[in-house]
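Observations on the three-dimensional arrangement
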Amino acid sequence: MGQQVGFTRAALYQMVWERPVSVIARDIGVSDVALAKACRKAGIPLPCRGHWAIIKTGRTIKTPALPALEPGESETVSFSLHGNPPPKVTQPDIPAGPAIEVPTHLIKPHHLGAELRTAAKEAGEDNGVLALNYTKVLRVRTLASQLKRALLILDTLIKQFEKRGYPVRLSEKGAETELVLKEGVISFRLDERTRKTVPPPPPPRPPGRRGEHYYEPWRPAYILVGTGEFTLEFSRYALPGCRVNWKDGARRSLEAQLSDVIATIPLWEATLLAHRLEQEDYEARAREAEKQRISVARAHEVLRQQRGRLVGNLLAWERAERLRRFIAAFKDVGGRNPGTQTWLEWAHAQVEAIDPLSDLEAVTDLGVELSEYFTGRGSWEKPATDWWTTSIP
């Protein structure tokens with residue numbers, strides 16, 4: 001639990017009209033939004049937007065009075081301080097590794113690179129970009145003119161990954177290329193930056209025809225032209241606080257930055273490890289909380305059934321008492337008849353059969369057997385209202 005700090009309405013009202021809310025919130029240790037929300041909830045008027053700028057000009061603004069306290073409202077405004085916020089994670093300086101040489105020709109390519117090269121020969125184009133099936137080949141978005149360079153970059157990178165014990169695979173569930181680290185799996189892709197341009201006009205119509213061009217609704221509205229600049233991007237959401245993309249720049253090409261990618265792997269491993277430990281701790285706490293919740297739910301269900309048994313015994317006893325009164329009244333009226341004695345014996349036996357007090361051991365038995373699958377979450381497991389959950393007139 002955080003530390004509690006409280007102020008009276010009058011003191012907080014005086015504070016917000018003497019200094020800006022942001023300054024007061026910083027001194028207290030809460031956000032300005034939380035402070036403003038608490039003031040509005042307590043009925044404390046706040047300066048309008050631009051109030052302190054007007055005050056700096058020398059002008060005076062009438063301060064509204066503090067409204068009276070409504071019935072039932074508290075005179076104290078409290079805030080919970082949860083300590084200082086965690087420091088912002090900054091990426092540490094990673095020493096550059098040895099330079100990685102990218103060959104000018106594809107020699108003994110990795111099988112993933114060879115499969116990409118084969119698929120690209122048969123692939124069509126989508127607005128100028130190779131239309132590849134990423135469930136079967138590496139995730140590369142490029143024009144055919146830059147395919148050779150993309151193959152060289154990926155082939156070199158994959159070989160460097162596997163040389164250090166990090167295999168590369170195609171995702172079985174989605175169209176992703178994955179790098180398998182010791183602490184998890186991250187996806188990556190290589191994209192060529194493109195720009196839109198207007199496609200060339202269609203050929204002119206033959207002479208004697210109306211219109212300047214043929215009507216070709218299948219012609220694209222634009223085509224993509226490659227820039228030759230590549231970006232290598234890894235899973236940004238799985239690696240918070242880490243560098244996850246490298247791109248061609250004016251000073252360094254992407255090939256010259258592959259050593260930086262390799263040098264960043266230990267940081268990725270540490271980030272994934274921290275995330276895994278945090279997730280395991282969260283799941284352990286969630287399991288423990290669920291275990292305690294089920295234990296409480298089962299205890300409530302046992303108590304509910306015990307109370308239901310108590311009420312059932314009460315109703316049975318009331319029926320037995322009513323029957324006894326009826327039998328006594330019958331005996332007073334027709335008990336002298338010789339044929340009624342057999343009926344009276346039978347009636348008393350029926351009363352004893354429903355009277356719970358005839359078997360005190362059953363009345364005092366508090367044992368309840370619940371199903372091992374009872375968790376208290378199912379809609380069919382919701383307890384009905386009873387005398388202990390509703391007011392009895």
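Remember, predicted model here, so these are calculated numbers, not experimental data.

**Considering the overall build of the protein**
When you go through the protein residue by residue, the secondary structure sums to 10 helices and 10 strands. Going through the 393 residues of the protein one by one, you find that 29% of them count as buried. Intrachain contacts of the protein at a sequence separation of at least 6 include 66% that bridge at least 24 residues.

**Observations concerning the environment of tryptophan 343**
Along the polypeptide, tryptophan 343 turns up in helix H9 (residues 340–354). With 16 residues separating them along the chain, tryptophan 343 and isoleucine 327 place their C-alpha atoms 9.8 Å apart. If we ignore the near neighbours within four places in the chain, the residues touching tryptophan 343 are Phe326, Ile327 and Phe330.

**Regarding the pairing of strand S8 (residues 185–197)**
Consecutive side chains of a regular strand alternate in pointing toward one face of the sheet and then the other. Inspection of the sheet shows strand S5 (residues 140–141) paired to S8 by 2 bridges, in the parallel sense. In the strand pairing of S8, arginine 141 is matched with aspartate 191. Of the pairings in the sheet, the one linking strand S7 (residues 177–180) to S8 comprises 4 bridges and is antiparallel in character. Of the residues in S8, the one forming a bridge with valine 180 is valine 185. Between the antiparallel neighbours S7 and S8 lie 4 residues. Alignment of S8 against strand S9 (residues 223–234), held across 9 bridges, turns out to be antiparallel. Looking at S9, one finds that phenylalanine 188 is bridged to phenylalanine 234.

**What to know about the packing of aromatic side chains**
Per the stated rule, a full pass over the model turns up 9 aromatic pairs. Where phenylalanine 7 meets phenylalanine 79, the ring centres are 6.3 Å apart and the plane angle is 65 degrees; that geometry is what we call edge-to-face. Taken together, the residues span a long stretch of sequence, with phenylalanine 7 in strand S1 (residues 3–8) and phenylalanine 79 in strand S2 (residues 76–81) at a distance of 72 residues. Of the residues examined, phenylalanine 79 reaches a relative accessible area of 5% and is grouped as buried. Centre to centre, the rings of phenylalanine 161 and phenylalanine 234 are 6.4 Å apart; their planes meet at 80 degrees, and the pair counts as edge-to-face. Separated by 73 residues along the polypeptide, phenylalanine 161 in helix H6 (residues 147–163) and phenylalanine 234 in strand S9 bring together distant segments of the chain. Residue classification places phenylalanine 234 among the buried residues on the basis of a relative accessible area of 2%. Each residue in the set Phe161, Phe188, Phe234, Trp246 and Trp268 is aromatic and connected to the rest through ring pairs, giving one cluster.

**A word on the confidence of the model for the protein**
For the protein, per-residue confidence averages 85 on the pLDDT scale, and 88% of positions sit at 70 or higher. Counting interchain partners and residues more than four positions distant, the pLDDT-below-50 stretch residues 85–89 has 0 contacts.

**Notes on a nonpolar patch on the surface**
Together, Leu310, Trp387 and Trp388 make up a nonpolar patch on the protein surface, roughly 350 Å² of accessible area in all. Inspection of the secondary structure assignment puts tryptophan 388 in the segment after helix H10 (360–363).

**Topic: unusual backbone geometry**
Although it is not a glycine, lysine 108 sits at a positive phi angle of roughly 45 degrees. Examined against the element boundaries, lysine 108 turns out to sit in the loop between S2 and helix H5 (111–122). In the Ramachandran plot, asparagine 127 falls in the positive-phi region, its phi being about 55 degrees despite a non-glycine side chain. Looking at the element boundaries, asparagine 127 is found in the loop between strand S3 (125–126) and strand S4 (129–130). Judged by its relative accessible area of 23%, asparagine 127 is partly exposed.

**Details of the nonpolar core**
The biggest cluster of nonpolar side chains holds 43 residues, and the ones touching the most others in it are Phe161, Leu179, Leu232, Phe234 and Trp268. Residue assignment for this core shows that the elements contributing at least two residues are H5, H6, strand S6 (168–170), S8, S9, helix H7 (258–263) and helix H8 (265–334). Excluding anything up to four places from it in sequence, phenylalanine 161 contacts Tyr166, Val168, Leu179, Phe234, Val261, Ile262 and Ile265. In this structure, Val5, Leu35, Ile44 and Phe79 belong to the second largest nonpolar core, which totals 18 residues.

Conventions we followed
Residues numbered from 1 in each chain as written. Predicted model: local features only at pLDDT ≥ 70, side-chain atom pairs only at ≥ 80, totals over all residues. Heavy atoms only, no water. Helix = DSSP H or I, 4+ residues; strand = E, 2+ residues; numbered from the N terminus. Buried < 20%, exposed > 50% of the residue type's maximum accessible area, 1.4 Å probe, protein only. Contact = heavy atoms within 4.5 Å. Pairing = 2+ DSSP bridges. Phe/Tyr/Trp six-rings, centres within 6.5 Å; stacked < 30°, edge-to-face > 60°. pLDDT = per-residue confidence, 0-100. Patch = residues over 30% accessible without salt bridge, like charges linked within 9 Å, V, L, I, M, F, W, Y side chains within 5 Å. Areas by Shrake-Rupley, 256 points an atom, 1.4 Å probe, with all protein chains shown as cover. Salt bridge = Lys/Arg side-chain N within 4 Å of Asp/Glu carboxyl O. Core = buried A, V, L, I, M, F, W, Y, C linked by side-chain atoms within 4.5 Å.

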